[in-house]
Amino acid sequence: MATGRTHRPATRSRGIPEATVARLPLYLRALTALSERSVPTVSSEELAAAAGVNSAKLRKDFSYLGSYGTRGVGYDVEYLVYQISRELGLTQDWPVVIVGIGNLGAALANYGGFASRGFRVAALIDADPAMAGKPVAGIGVQHTDELEHIIESNGVSIGVIATPAGAAQQVCDRLVAAGVTSILNFAPTVLTVPDGVDVRKVDLSIELQILAFHEQRKAGEDGGPDGGAPTPATRAAAAAVTGDRKGPDGDVPAVMPA
């Protein structure tokens, strides 16, 4: 997951590096799985393997939390779950609004992991008047005209943008003006926000393009099957990425819609 902009979070001032903060959810996910299996303790090596990091990095990360484990025993799983949850702010309720209830927004609304991780979907918002009142994941969709009132009445500080790229910046500006200070952006565009607002960007197409690069390298390909000349398929793929191909709405964006 890439970061749309860099901002110094509160944890940085407490001496926890941003890279460590980014790994804490990985540790929490691995620890939660251990807890569900009633595993009482875990070694740094076992936990590091489960989280996909090396054990030295894990021990360093945990030292920022003041947790060093017990030699010969390891780390107490339940205590670490609590400690990391508290550090990430997951021991309190975080109301979230999702703006843009298309296929992706609806899928996010139906994701059951929000509630179990301390996030409550307070409202679903869409610009289409025909969507107003329609239930998605048991929540009635509300029109964007109500956005500011919804944010104020629910005390929302986290917004999720799942709109088309062209609408994302305007939605972002309204969210920020209404008091939202953290945004998760699924729209295929880079958002501009003022200081004090954090943006995390999720772009599935970029991740797929990176995987395609590695697959091409593994296959030893450097172009088309004749050793260099691109095929019509590779030319079409390149056009889709660079924006050289026209579509019903004009140029195909450099990044596919999320």
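Nothing here was measured: the structure is a model prediction, and the numbers come from that model. (Residues numbered from 1 in each chain as written. Predicted model: local features only at pLDDT ≥ 70, side-chain atom pairs only at ≥ 80, totals over all residues. Heavy atoms only, no water.)

1. Regarding the overall build of the protein
Next up, step 1: In terms of regular secondary structure, the protein is built from 11 helices and 12 strands.
Next up, step 2: Here the protein holds 258 residues, and the buried ones make up 37% of them.
Next up, step 3: Contacts spanning at least 24 positions in sequence make up 57% of the contacts within the protein whose residues lie at least 6 apart.
Next up, step 4: With the model as given, the accessible surface of the protein reaches about 14,600 Å², and the carbon-plus-sulfur share is 56%. (Helix = DSSP H or I, 4+ residues; strand = E, 2+ residues; numbered from the N terminus. Buried < 20%, exposed > 50% of the residue type's maximum accessible area, 1.4 Å probe, protein only. Contact = heavy atoms within 4.5 Å. Areas by Shrake-Rupley, 256 points an atom, 1.4 Å probe, with all protein chains shown as cover.)

2. Observations concerning helix α4 (residues 55-64)
Next up, step 1: All of the buried residues along α4 are S55, L58, D61 and F62. Taken around the axis of α4, the buried residues stretch over an arc of 120°, which confines them to a single face.
Next up, step 2: In the core, the buried residues of α4 are packed alongside α2 (18-36), α3 (44-51), β3 (75-76) and α5 (77-87).
Next up, step 3: Of the residues flanking the end of α4, it is G66, one or two places downstream, whose phi is positive at about 80°. (Arc of directions from axis to C-beta.)

3. Some words on the pattern of salt bridges
Next up, step 1: Scanning the model with the defined rule gives 6 salt bridges in all.
Next up, step 2: The closest approach of N and O atoms between R120 and D93, which form a salt bridge, is 3.2 Å. Here R120 is found in strand β5 (residues 119-126), whereas its partner D93 is found in the loop between α5 and β4 (94-99), with 27 residues between them in sequence.
Next up, step 3: The partly exposed category is assigned to R120, whose relative accessible area is 36%.
Next up, step 4: Here K218 and E215 are joined by a salt bridge, their closest N and O atoms 2.7 Å apart. (Salt bridge = Lys/Arg side-chain N within 4 Å of Asp/Glu carboxyl O.)

4. Details of the packing of aromatic side chains
Next up, step 1: Per the counting criterion, the structure on display carries 3 aromatic pairs.
Next up, step 2: Between F62 and Y75 the ring centres are 5.1 Å apart and the planes differ by 85°, which places this aromatic pair in the edge-to-face class. Residue F62 is found in helix α4, and its partner Y75 is found in strand β3; the two are separated by 13 residues along the sequence. By the burial criterion, F62 is buried, and Y75 matches it.
Next up, step 3: Taken together, a centroid distance of 5.2 Å and an interplanar angle of 85° make the contact between Y111 and F114 edge-to-face.
Next up, step 4: Among the aromatic residues, those joined into a ring-pair cluster are Y27, F62 and Y75. (Phe/Tyr/Trp six-rings, centres within 6.5 Å; stacked < 30°, edge-to-face > 60°.)

5. Let's talk about the confidence of the model for the protein
Next up, step 1: On average, residues of the protein score 83 in pLDDT, and 80% of them reach the 70 mark or higher.
Next up, step 2: Segment residues 1-13: pLDDT under 50, and 29 contacts once partners within four positions in sequence are set aside and those in other chains are kept.
Next up, step 3: Here residues 241-258 scores under 50 on pLDDT; set against residues more than four positions off or in separate chains, the count is 30 contacts. (pLDDT = per-residue confidence, 0-100.)

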